[in-house]
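Coordinates in review
The primary structure of each chain is shown beneath.
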Amino acid sequence: MRMSQRTRKLALALHVVFSVGWIGISASMVVLALVGLNTTHPGVRVGSYNALMTLDETIMGIFALVSLITGVWLGLGTPFGLIRYWWVVAKQVLFGLVMIGAFGFTHIWVIGGLDEALATGGITSGGVALVFGAPTLMALLTAAAVISVYKPWGRTPRGKRPAGTTVVVKDIRLVAEDIVSVALADPKGASLDAWTPGAHVDLILPSGKVRQYSIHSDPADRSAYRCAVLLERDGRGGSREIHGLKPGKRIAIRGPRNNFPLVDAPSYLFVAGGIGVTPLMPMIRSVDDRRIPWRLVYVGRSLRSMAFAMELRNRYPGRVALHPRDTTNRPDLAAILRWAPSDCHVYSCGPERLLEALTRIVPSQRLHIEHFVASTALSDLPKQPFDVVLASTSTKLTIPSEQTLLAALREYAPGIEASCEDGVCGTCKVAVLSGVPEHRDNVLQPAERDRDDVIYPCVSRAKSARLVLDL
Ligand code: FES
């Protein structure tokens, strides 16, 4: 359960005050231990050990307890967790050593030292050891405080594992050459979250790879999400892993999330390139159910490689034009658009060349596109350093040209989510409060490229010298 910002600040304030206080008490104990050892006056020695006893048995216990409780509270209530970051783990180890040292050794040395001082006015070997033990505990506490400030070493393997909702593979079937459709359902058969046409889910695979796939089934059917996956033989292994899934296998998902929503329009032209037909299928179903005029132009390598091609043509006779490249010419998109109504909205998903061609001939207000992969034209642009301010803490960061904004933010806003880190999935979206973002993502639609209220920090940067982010 995440804390509100107000609660987090309260817990953090208590943690800092009581942790620093604990260090201060340890410093006092170092001084008293030295006085107790070095004094030649028995009364002063008794006084030193009495003071040590008071600190050790009362005040130190309270400060240690509050510091530990607020530390655990902060860990559980923030994305830092207890075992997600190495610096948090290191702090727990240091606190563990301090507790062992305090209860197992220094406490006993203080009691023994006081008894000896009262009985004979002399010093015990424990009193000598205390002169070394107390500074050691103070050094461990100081190290924990320094680690909290610098937060070094990044995430643990547990922290790197993306979180998600568990689903089970209900069935997986071949729908075209090298394309499978996989149905993902709740393991107990419960209804899945609602979604709208154009939505996608992040599949978190057993290997830890995260891949985004559009849902191509019917939004009214909440019993399963169905995604079609093209086997990319030269890819990074995600699609191959999905093709190897068997019914009954459990994986995790995040979402659904929709960066490609269907807006109301008097008519639609859908243009699909290969596997890009999948987000368009629920759109077509929705538009057809509402009897709004539409057409689909579907381009592919060959009929065998075009998923759902015959199903679409048979279900919607006269509305679907198939263009397998091995037997037909490429469609003349400009000519098709000349015949389309002037207020027709164009939805397209497919390879970069197809989307670029549409961007040249369709006005941005009527064009809605979804990319498979990041556009190289955007990612190859030169990068300049810029400043960022996190509004909640007024933390100021300078983002050097060789670092992404996301990488810099992760240290200060560990809850920030990311998935593709390529500017395609929309997971890392952050609100911008002031400044002008330089959008290098492929999430924003052509008509949204001037928005200054949002940024996708995995790839985007700043046009202005400074951005203020709602973080
Ligand atoms: S992580 Fe996918 S758009 Fe940023």
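Residues numbered from 1 in each chain as written. Predicted model: local features only at pLDDT ≥ 70, side-chain atom pairs only at ≥ 80, totals over all residues. Heavy atoms only, no water.

Quick notes on the overall build of the chain
Put simply, the test is: Only DSSP runs of H or I with at least four residues qualify as helices, and only runs of E with at least two residues qualify as strands; both kinds are numbered from the N terminus onward. Here the globule rule reads 2.2 Å times residues to the power 0.38, and the radius of gyration is calculated from C-alpha atoms. Buried means the residue's accessible area, taken with a 1.4 Å probe over protein chains only, is under 20% of the maximum for its type, while exposed means over 50%, and partly exposed covers the values in between. In this description, contact between two residues means that some pair of their heavy atoms is separated by no more than 4.5 Å. Each accessible area value is a Shrake-Rupley result obtained with a 1.4 Å probe; residue values ignore everything except the protein chains displayed when judging cover. Asp and Glu count as negative and Lys and Arg as positive, but His and the ends of the chain are not part of the count. By convention, the point assigned to a charge is CZ for Arg, NZ for Lys, CD for Glu and CG for Asp.
Scanning the chain for helices and strands turns up 12 helices and 18 strands. Compactness check: the chain gives a C-alpha radius of gyration of 31 Å against a globular reference of 23 Å for 471 residues, more than 25% above the reference. Taking the principal axes of the C-alpha coordinates as reference, the chain spans close to 105 × 50 × 40 Å. The 471 residues of the chain split such that 48% are buried. Across the chain, contacts joining residues at least 24 apart in sequence account for 66% of those joining residues at least 6 apart. Accessible surface, the chain: about 22,800 Å² in total, of which carbon and sulfur atoms supply 58%. Between the centroid of the 52 positive side chains of the chain and the centroid of its 39 negative side chains there is a distance of 3 Å.

Focus: the domain arrangement of the chain
Our working rule: Where each domain starts and ends follows an automatic or database-derived domain assignment. As a working definition, buried area equals the accessible area (1.4 Å probe) given up by two parts on being put together, with both sides summed. The term salt bridge refers to a side-chain nitrogen of Lys or Arg lying within 4 Å of a carboxyl oxygen of Asp or Glu. Polar contacts here mean pairs of N or O atoms no more than 3.5 Å apart (in protein, one a potential hydrogen donor and the other a potential acceptor; neighbouring residues in sequence count only if both atoms are side-chain atoms). Three categories are distinguished: nonpolar for Ala, Val, Leu, Ile, Met, Phe, Trp, Tyr, Cys and Pro, charged for Asp, Glu, Lys and Arg, and polar for the others, with Gly belonging to the last.
Its domain assignment divides the chain into domain 1 (5-158), domain 2 (162-257), domain 3 (268-372) and domain 4 (382-469). Between domain 3 and domain 4, the contact holds 7 residues from the first and 5 residues from the second. It is Ser364, Ile369 and His371 in domain 3 that bury the most area against domain 4; as a group they hold 68% of the surface buried on that side. The tally of links between domain 3 and domain 4 comes to 0 salt bridges. Inspection of the domain 3/domain 4 interface yields 1 residue pair in polar contact (both at pLDDT 80 or more). Looking at the side of domain 3 that touches domain 4, its residues break down into 3 nonpolar, 4 polar and no charged.

Here's the deal with the nonpolar core
Formally: In plain words, nonpolar cores are sets of buried Ala, Val, Leu, Ile, Met, Phe, Trp, Tyr and Cys residues tied together by side-chain atoms within 4.5 Å.
Counting residues in hydrophobic clusters, the biggest one holds 30 residues, and the most contacted among them are Tyr268, Phe270, Trp294, Leu296, Tyr298 and Leu312. For this core, the secondary-structure elements that each account for two or more residues are strand 1 (165-176), strand 7 (268-273), helix 7 (277-289), strand 8 (294-300), helix 8 (309-315) and strand 9 (320-324). Residue contributions to this core peak at 6 residues, all from helix 7. Per-domain counts for this core show at least three residues from each of domain 2 (162-257) and domain 3 (268-372). Contacts of tyrosine 268, omitting those with residues within four sequence positions, involve Leu262, Val263, Val287, Ile292, Pro293, Trp294, Arg295, Cys344, His345 and Tyr347. Of all hydrophobic cores here, the second largest spans 27 residues; its members include Ile25, Met29, Val88 and Leu130.

Some thoughts on the environment of valine 454
Along the polypeptide, valine 454 turns up in strand 16 (residues 454-455). Among residues more than four places away in sequence, those in contact with valine 454 are Lys429, Val430, Ala431, Val432, Pro437, His439 and Leu444.

Digging into a nonpolar patch on the surface
Spelled out, the test is: Note on patches: the residues involved have over 30% relative accessible area and no salt bridge, like charges join within 9 Å, and the nonpolar side chains Val, Leu, Ile, Met, Phe, Trp and Tyr join within 5 Å.
On the surface, Val93, Leu97, Ile100 and Phe105 cluster together into a nonpolar patch covering about 380 Å² of accessible area. Along the chain, isoleucine 100 turns up in helix 3 (residues 86-119). Taking the relative accessible area as the measure of exposure, isoleucine 100 reaches 54% and is therefore exposed.

Notes on the packing of aromatic side chains
To be explicit about the condition: Only Phe, Tyr and Trp rings are paired, with Trp represented by its six-membered ring, and only when their centres lie within 6.5 Å; those with planes under 30 degrees apart are stacked, over 60 edge-to-face, the remainder tilted.
Scanning all chains against the criterion turns up 11 aromatic pairs. Residues phenylalanine 80 and tyrosine 85 carry aromatic rings whose centres are separated by 5.4 Å and whose planes lie at 70 degrees to one another, so their mutual orientation is edge-to-face. The burial state of phenylalanine 80 is the same as that of tyrosine 85; both residues are buried. Judged by centre distance (5.3 Å) and plane angle (75 degrees), the rings of phenylalanine 80 and tryptophan 87 are edge-to-face.

A few points about helix 3
Quick reminder of the rule: Take the number of residues in a helix, subtract one, and multiply by 1.5 Å to get its expected span. Note on bend: at a given residue it equals the angle between the axes fitted to the 7 residues ending there and to the 7 starting there.
Given a rise of 1.5 Å per residue, 34 residues ought to cover 50 Å, and the 48 Å separating the end C-alpha atoms of helix 3 matches this to within 8%. Taken as a whole, helix 3 carries its principal kink of about 40 degrees at alanine 102.

Topic: the sheet that holds strand 11 (residues 367-371)
The condition is simple: In this scheme, strands are said to pair when DSSP sees at least two bridges between them. The convention used is that axes are lines fitted to C-alpha atoms, helices contributing only their stretch in contact, and that angles between N-to-C directions extend from 0 to 180 degrees.
Pairing within the open sheet is parallel, and its 5 strands lie in the order 9-8-7-10-11. The open sheet has two free edges, formed respectively by strand 9 and strand 11, since each of these has just one partner strand. Going across the sheet, the axis of each strand differs from the next one's by a mean of 10 degrees, ignoring polarity. Pairing of strand 10 (residues 345-350) with strand 11, which is carried by 5 bridges, proceeds in the parallel orientation. Bridge pairing in strand 11 links glycine 350 to histidine 371. Its contacts with the sheet place helix 10 (residues 352-361) against strand 7, strand 10 and strand 11, and it is angled at close to 160 degrees to strand 10.

Remarks on the side chain of serine 181
Note on placement: serine 181 falls in strand 2 (residues 179-185). Residue class for serine 181 comes out buried when judged on its relative accessible area of 0%. A distance of 3.0 Å separates a polar atom in the side chain of serine 181 from a polar atom in the side chain of arginine 226. If we skip the residues at most four places from it in the chain, serine 181 touches Asp171, Ile172, Arg173, Val175, His216, Arg226, Cys227 and Ala228.

Digging into the pairing of strand 12 (residues 386-390)
In summary, the side chains of a regular strand alternate between the two faces of the sheet. Where burial is concerned, most of strand 12 is hidden: 4 out of the 5 residues are buried. Bridge analysis of strand 12 against strand 13 (residues 395-399) gives 5 bridges, and the strand direction is antiparallel. The partner of aspartate 387 across the bridge, within strand 13, is threonine 398. Inspection of the sheet shows strand 12 paired to strand 18 (residues 466-469) by 4 bridges, in the parallel sense. Paired with leucine 390 across the bridge in strand 18 is leucine 469.

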